[in-house]
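Inside the fold
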Amino acid sequence: MSVTASLEAQARARHLWDGLQWRTVVRFVVVLLCTLVAFGFTWLELLGDLRHDSDIGYVFVLAVVAVFAATGIALRHRDELPIYDRQTDVIVGLIGLGLSAALLGLLVLRYPYQYEVLHLDLIAAPLFLMSVSILAFGLRPVFRFWPAWLLLLAAFPPPYRQLVVLLGGSSVADGTATLLLGAAAAAIGSGRTWRRAVVAAVLTLALGAIVLLVLWRWFPGAPLLVYQAVPTILAVYLSTTIMYLNHRNWSTVKPLDRPVRPLTAAHSRGALATAVVATALIAPIPVPHEYGVDYPDIATLVIADAPAVPPGWQVFNEREYPWAPRFFGPGTSWTRRYMVALRGNPDWDKESRRRRIVVDTERSVNPNDIERHPQFVLYSLNQPRISSPVRIDLGHGVTGRLNTVVDDRRLLSWTWLSWRWRGQGGAERISLISADNHLPDAEFPRPEPSVARNTENMLHQIFRGNAVSIDPEAEKQDAESEYKDREMLTTVAREIVRIGAGG
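No experiment lies behind these values; they were computed from the predicted model shown. (Residues numbered from 1 in each chain as written. Predicted model: local features only at pLDDT ≥ 70, side-chain atom pairs only at ≥ 80, totals over all residues. Heavy atoms only, no water.)

Between helix H3 (residues 58-74) and helix H10 (residues 171-190), the least distance of the axes is 7 Å, while the angle of their chain directions is 15 degrees. If you check the angle between H3 and H10, you find them roughly parallel. As for how H3 packs across H10, the hand of that crossing is right-handed. On the side of H3, the interface is formed by Tyr 58, Val 61, Leu 62, Val 65, Phe 68, Ala 69, Gly 72 and Ile 73, while H10 contributes Thr 178, Leu 181, Gly 182, Ala 185, Ile 188 and Gly 189. Class assignment for the residues of the contact of H3 with H10 results in 10 nonpolar, 4 polar and no charged. (Axes fitted to C-alpha atoms, helices over the stretch in contact; angles between N-to-C directions. Helix = DSSP H or I, 4+ residues; strand = E, 2+ residues; numbered from the N terminus. Parallel < 35°, antiparallel > 145°, perpendicular 65-115°, else oblique. Left-handed = near helix turned anticlockwise from the far one by under 90°. Contact = heavy atoms within 4.5 Å. Nonpolar A, V, L, I, M, F, W, Y, C, P; charged D, E, K, R; others polar.)

So, in structure tokens, the structure goes:
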């Protein structure tokens, strides 16, 4: 009798599947195409970053493991109340689409300098995907997958990158952070009970740790994406498969040997047309353009050596920041040197006091590592205002960028001259900083990267508009800006460049 019932159930499943397949496939295709097209600029930007060995590859890994999580939820039998209102679906979907468009068109474009750090479009994209899914499949069916939707919010980079920093900043740290996301996906997909969720997560971590160990031991030079993708995807696949077979008593691997429930949301051409129109409106919104970053090659420059001390100056203190490899990757360093002029100059100080400056040097074998974080995000600046840039020719093909930086909270200001170059052994970003306060106890901004402070400055930008700005490349209407130490910093920078270039 049980065999007959099983055969009848399989026959009903095949009949129902054949009848519903084309409708389901069409809706899925529409949802995926709308998301791909609406955020086409974002996907192209992420793929471009991957070519430079960026850590953003974890976003694609997250999308894969989220599919595993959603599949596990879909395979669970769950009764739903027969309450379906397409009008409500359209209203909720439109609200989500509006929020997604606002994130992409307003906030993302409002903060171009912080785009690579915040990537707010990676919050807008899952929101858009969920909204279009609501239009296609209905509110109740979509919200049945709420754990998977929450998992997709982990695409927001700051928490992930902060975790990588805490784990050491290496490729293994990136792989471990991604593996934790995979463990969460396995727990969601296998979580019929909390015990099964814990077992799936632990199994994923164990399997992923083994693969990570193999990569670290025998393939230390593998690309970063390999460390992120291979251990996580393989571990999630194996753990969820084992949990699935265990639940079915190792009897069958066929997921559709049961009745397939019909689509609960009635077909609505208007809802799908709304999704297509929203896609057409959002797709032209660009992501912020990348500022051109040039590292002129100086053949005689040896990056392993500290920048030269210009004539008339001496170093009286030096400090190296040990956290640099965790933020920029292995093989990077950040050194700060304090310099003081040997004698006073009335052109630099009306009382001929001996001026002091600091020289920050960020050094790496790969210039892409230096550009992983925008420059002014890495300093302890509260409510900063940064002037428009002034380009200064420092000789030997090197161009410097001069800015005035004001800290409104502490009522302090500095003049800042930065440039980039590369030579034998790597690349550097060098910053000369002078304080408006010419006294020996003048305070300089400290290199102190902080996700919390960056978020605080962004909120100040939202509420105060152009009164707060940390973009040193933006052209602003700020006729009141003064570049007080332009002559002094230009003189020092040209001497450093001349000596470094062997002039």
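Turning next to unusual backbone geometry. A positive phi angle, close to 45 degrees, is found at His 119, a residue other than glycine. Relative to the assigned elements, His 119 resides in the loop between helix H5 (115-118) and helix H6 (121-137). Classification of His 119 as buried rests on a relative accessible area of 0%. For Leu 411, which is not glycine, the phi torsion reads 55 degrees and is therefore positive. Note that Leu 411 resides in the loop between strand S7 (398-407) and strand S8 (412-424). Relative accessible area serves as the criterion here: at 73%, Leu 411 is assigned to the exposed category. (Buried < 20%, exposed > 50% of the residue type's maximum accessible area, 1.4 Å probe, protein only.)

Here Thr 176 lies in helix H10. Thr 176 gets classed as partly exposed once you look at its relative accessible area, which sits at 26%. For the pair Thr 176 and Leu 163, spaced 13 residues apart in the sequence, the C-alpha separation amounts to 9.4 Å.

Summed over the entire model, instances satisfying the criterion amount to 17 aromatic pairs. For the ring pair Tyr 321 and Trp 323, a centre distance of 5.6 Å and an interplane angle of 40 degrees mean the geometry is tilted. With respect to class, Tyr 321 is no different from Trp 323; both count as buried. Feature note: the residues Tyr 321, Trp 323, Phe 327, Phe 328, Trp 334, Phe 376, Tyr 379 and Trp 416 constitute an aromatic cluster, connected by ring pairs. Its guanidinium or amino end placed over the ring of Phe 145, Arg 144 lies 5.8 Å from that ring's centre, counting from NZ or CZ. For Arg 356, the ring lying beneath its charged end belongs to Phe 316, and the centroid distance is 4.8 Å. (Phe/Tyr/Trp six-rings, centres within 6.5 Å; stacked < 30°, edge-to-face > 60°. Lys NZ or Arg CZ within 6 Å of the ring centre and 35° of its normal.)

Under the counting rule described, the total for this entry stands at 17 salt bridges. The salt bridge partner of Arg 336 is Asp 360, with a shortest N-O separation of 2.7 Å. On the criterion of sequence distance, the pair formed by Arg 336 in strand S3 (residues 333-341) and Asp 360 in strand S4 (residues 356-364) is long-range, its members being 24 residues apart. On the basis of relative accessible area, Arg 336 is assigned to the buried category, the value being 1%. Beyond isolated ion pairs, a larger network of salt bridges with shared partners links Glu 362, Glu 371, Arg 420 and Arg 429. (Salt bridge = Lys/Arg side-chain N within 4 Å of Asp/Glu carboxyl O.)

What follows covers the nonpolar core. The tendency in soluble globular proteins is for nonpolar side chains to be buried as a group. If you look at the biggest cluster of nonpolar residues, it comprises 56 residues, and the most contacted ones within it are Phe 39, Val 59, Phe 128, Val 132, Trp 149 and Leu 151. Of all the elements, H6 adds the most residues to this core, at 12 residues. If we ignore the near neighbours within four places in the chain, the residues touching Phe 39 are Ser 100, Leu 104, Asp 121, Ala 124, Ala 125 and Phe 128. Grouped together as the second largest cluster of nonpolar side chains are 26 residues, Trp 348, Val 398, Leu 489 and Ile 496 included. (Core = buried A, V, L, I, M, F, W, Y, C linked by side-chain atoms within 4.5 Å.)

Along helix H9 (residues 157-166), the positions that sit buried rather than exposed are Pro 157, Pro 158, Tyr 160, Arg 161, Val 164 and Val 165. The buried residues of H9 occupy one face: seen down the axis, they fall within an arc of 165 degrees. Every exposed residue of H9 that faces more than 90 degrees away from the buried side is listed here: Pro 159 and Leu 166. Just past H9, the residue Gly 168 takes up positive phi, approximately 120 degrees. (Arc of directions from axis to C-beta.)

A separate point is the pairing of S7. Most of S7 is tucked away, with 9 of its 10 residues classed as buried. Examined bridge by bridge, strand S5 (residues 384-386) and S7 share 3 bridges and lie antiparallel to one another. Within S7, the residue paired with Arg 385 across the bridge is Val 406. Of the pairings in the sheet, the one linking strand S6 (residues 390-395) to S7 comprises 5 bridges and is antiparallel in character. Residue Arg 391 lies in a different strand from S7, and its bridge partner there is Arg 401. Linking S6 to S7, which pair antiparallel, is a turn of 2 residues; within it His 396 sits at a positive phi near 60 degrees. (Pairing = 2+ DSSP bridges.)

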